[in-house]
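Tertiary structure, described
Chain by chain, the residues run as shown.
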Amino acid sequence: MQQQRFLLANKTVLGLDIGSSSVKITQLKATKRGYQLLNFGHMQLPQESIVDGSIMNSSAVVDAIREVLASKKIKQKNTAVSVSGHSVILKKISLPVMTHDELEESIQWEAEQYIPFDINDVYLDVTILNEHNEQGQMDVLLVAAKKDMIQEYTNVIEEAGLRPMVVDVDSFALQNAFEVNYETPMGETVALVNVGATVVNINCLHSRVSAFTRDISQGGHNYTEEIQKQLNVSYEEAEALKMGGLTEIDSVVPQEVERVMKEVSENIANDVQRSLDFFAATSATANIRKIYLAGGCAHVPALSRCIENKTGVSVGILNPFEQMDLSRVTDEQAVRAWAPAATVSVGLALRSPDDR
Ligand SMILES: Nc1ncnc2c1ncn2[C@@H]1O[C@H](COP(=O)(O)OP(=O)(O)OP(=O)(O)O)[C@@H](O)[C@H]1O
Ligand SMILES: [Mg+2]
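The structure presented is a predicted model; accordingly, all values stated were derived computationally and were not measured.

Conventions and cut-offs
- Residues numbered from 1 in each chain as written.
- Chains lettered and ligands numbered in written order.
- Predicted model: local features only at pLDDT ≥ 70, side-chain atom pairs only at ≥ 80, totals over all residues.
- Helix = DSSP H or I, 4+ residues; strand = E, 2+ residues; numbered from the N terminus.
- Rg over C-alpha atoms; globule rule 2.2 N^0.38 Å.
- Buried ≥ 20, exposed ≤ 12 C-beta atoms within 10 Å, placed from the backbone.
- Contact = placed C-beta atoms within 7 Å.
- Pairing = 2+ DSSP bridges.
- Domains from an automatic or database assignment.
- Nonpolar A, V, L, I, M, F, W, Y, C, P; charged D, E, K, R; others polar.
- Axes fitted to C-alpha atoms, helices over the stretch in contact; angles between N-to-C directions.
- Near = placed C-beta within 6 Å.

Points about the overall build of the protein
A count of helical and extended segments in the protein gives 9 helices and 15 strands. Relative to the 2.2 N^0.38 estimate, which gives 21 Å for 356 residues, the radius of gyration of the protein is 20 Å and therefore close to what a compact globule would have. Considering only C-alpha atoms, the protein reaches an extent of 65 × 45 × 45 Å along its principal axes. Sorting the 356 residues of the protein into buried and exposed places 45% on the buried side. Put simply, 69% of the contacts in the protein that link residues at least 6 apart link residues at least 24 apart.

Below, the structure is given as structure tokens:
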């Protein structure tokens, strides 16, 4: 679990994003001119297959992975996956300046005070964010993930016929997918906001280094739930109404759907704003120039508008294929339509099998 800084790695991995609504798989190829997309595929998961990052229905997840591999005729085995939820802790801490080896050694002791789990039950990883901060200390990012949760993921991946090589977290994958596609000048701050089905990952970058991360329990599922409740329709009907389809249900007035979409978008935007306010209150680098929206909910027009209104910062859609060659894929239109939701899987596919 570390942030990848070197681009165009020769050896590649499959990027596997097991989201709570669907499995996404990206396969890239590094060429002299940049990255080429070989494959992108996705498959819906039954409701409640993944709850708070834990795999509740492993056979459904295995089947979904296998179906994507078969439909795209993917032979590559080495895989990078990401984990999220309450079993994963990210913490930025300041420590006296030391070498990387010293850091690796002392982190076992240091971590105990920051991690709410038994230290023996977690895998730990540290990344140096800043070797010398203004206080003469170093800033490091500590990541801890529950071992039993990592085991759940590796079991599922192996059962699907793949080889787990790298474990990452969603917000770092988000960052990697962004960095390979967008240039941000030194000194500038941008916010990456990935709105999925049940989680919003926020990662604010200052001078291309992560300065603030936060996960919020909100997402596309909230739209579906509210439409279901307020308009008295089934889950499937609510899903379809959210996507702008199924307008023929007699009892449903389109304006009512729009009203609920706006209401939920405001809730999500409020939470995003609260997180960015917290970042601003704790950092001198929080003057955000732009917000990049990723995840399936980036398609909800009301959401971009609400976030823009609340924060006063311009919002753009993150396209993880912005700088990539898509000439090898046969379904380019479909891939482009899914681009924001593909972001985490693209970030994972950028990792090298030699990373941890
Ligand atoms: N065109 C669209 N309009 C509205 N909502 C959409 C659209 N496309 C996708 N969504 C919603 O986006 C969500 C899925 O996004 P994404 O694939 O990023 O989530 P996930 O990775 O499966 O979930 P999570 O990361 O939260 O576990 C779903 O709630 C889906 O209904
Ligand atoms: Mg996701």
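So, the pairing of strand E2 (residues 22-31)
Counting buried residues in E2 gives 7 out of 10 residues, a clear majority hidden from the surface. With 4 bridges connecting them, strand E1 (residues 14-18) and E2 associate as antiparallel partners. Looking at the pairing, Asp17 lines up with Lys24 of E2. Counted along the chain from E1 to the antiparallel partner E2, the turn is 3 residues long. Taken together, the 10 bridges between E2 and strand E3 (residues 34-44) define a ladder with antiparallel strand orientation. Its bridge partner being in E3, Lys24 is matched across the sheet by His42. With antiparallel pairing between neighbouring strands as the criterion, E2 and E3 make up a hairpin whose turn holds 2 residues.

Considerations on the domain arrangement of the protein
Domain boundaries assigned for the protein yield domain 1 (1-84 + 149-181 + 319-356) and domain 2 (183-318). For domain 1 versus domain 2, the distance between C-alpha centres works out to 22 Å. Across the contact, 16 residues belong to domain 1 and 23 residues belong to domain 2. Taken together, the elements giving at least two residues each to the side of domain 1 that touches domain 2 come down to helix H4 (170-179) and helix H9 (332-349). It is H4 that provides the largest number of residues to the side of domain 1 that touches domain 2, a total of 6 residues. Its residues assigned to classes, the side of domain 1 that touches domain 2 comprises 6 nonpolar, 8 polar and 2 charged.

With respect to the sheet that holds strand E7 (residues 88-95)
Strand order in the open sheet formed by 3 strands is E7-E9-E8, and the pairing between neighbours is antiparallel. For this open sheet the edge positions go to E7 and strand E8 (122-130), each flanked by a neighbour on one side alone. Direction aside, the axes of adjacent strands within the sheet are offset by 20° on average. Relative to strand E9 (residues 138-146), E7 runs antiparallel, the two sharing 8 bridges. Residue pairing across strands places Ile93 opposite Val140, the latter belonging to E9. In the packing of helix H2 (residues 100-111) onto the sheet, contacts are made with E7, E8 and E9, and the angle to E8 comes to roughly 130°.

Some words on the sheet that holds strand E13 (residues 209-216)
Pairing is mixed in the open sheet, where 5 strands are placed in the order E13-E12-E11-E14-E15. Bordering the open sheet on either side are E13 and strand E15 (314-317), each of which pairs with just one other strand. Mean inter-strand twist for the sheet, computed between neighbouring axes without regard to direction, equals 20°. In terms of strand pairing, strand E11 (residues 189-195) meets strand E14 (residues 288-294) through 6 bridges, oriented parallel. Bridge pairing in E14 places Thr189 opposite Ile288. Packing of helix H8 (residues 301-311) onto the sheet brings it into contact with E11, E14 and E15, and relative to E15 it is tilted by some 155°.

Some words on the site of ligand 1
The full set close to ligand 1 counts 19 residues, and Gly19, Ser20, Gly196, Gly220 and Gly296 are the nearest of them. Here the residues of the shell around ligand 1 are counted per class, giving 6 nonpolar, 12 polar and 1 charged. A domain split of the shell around ligand 1 shows at least three residues from each of domain 1 (1-84 + 149-181 + 319-356) and domain 2 (183-318).

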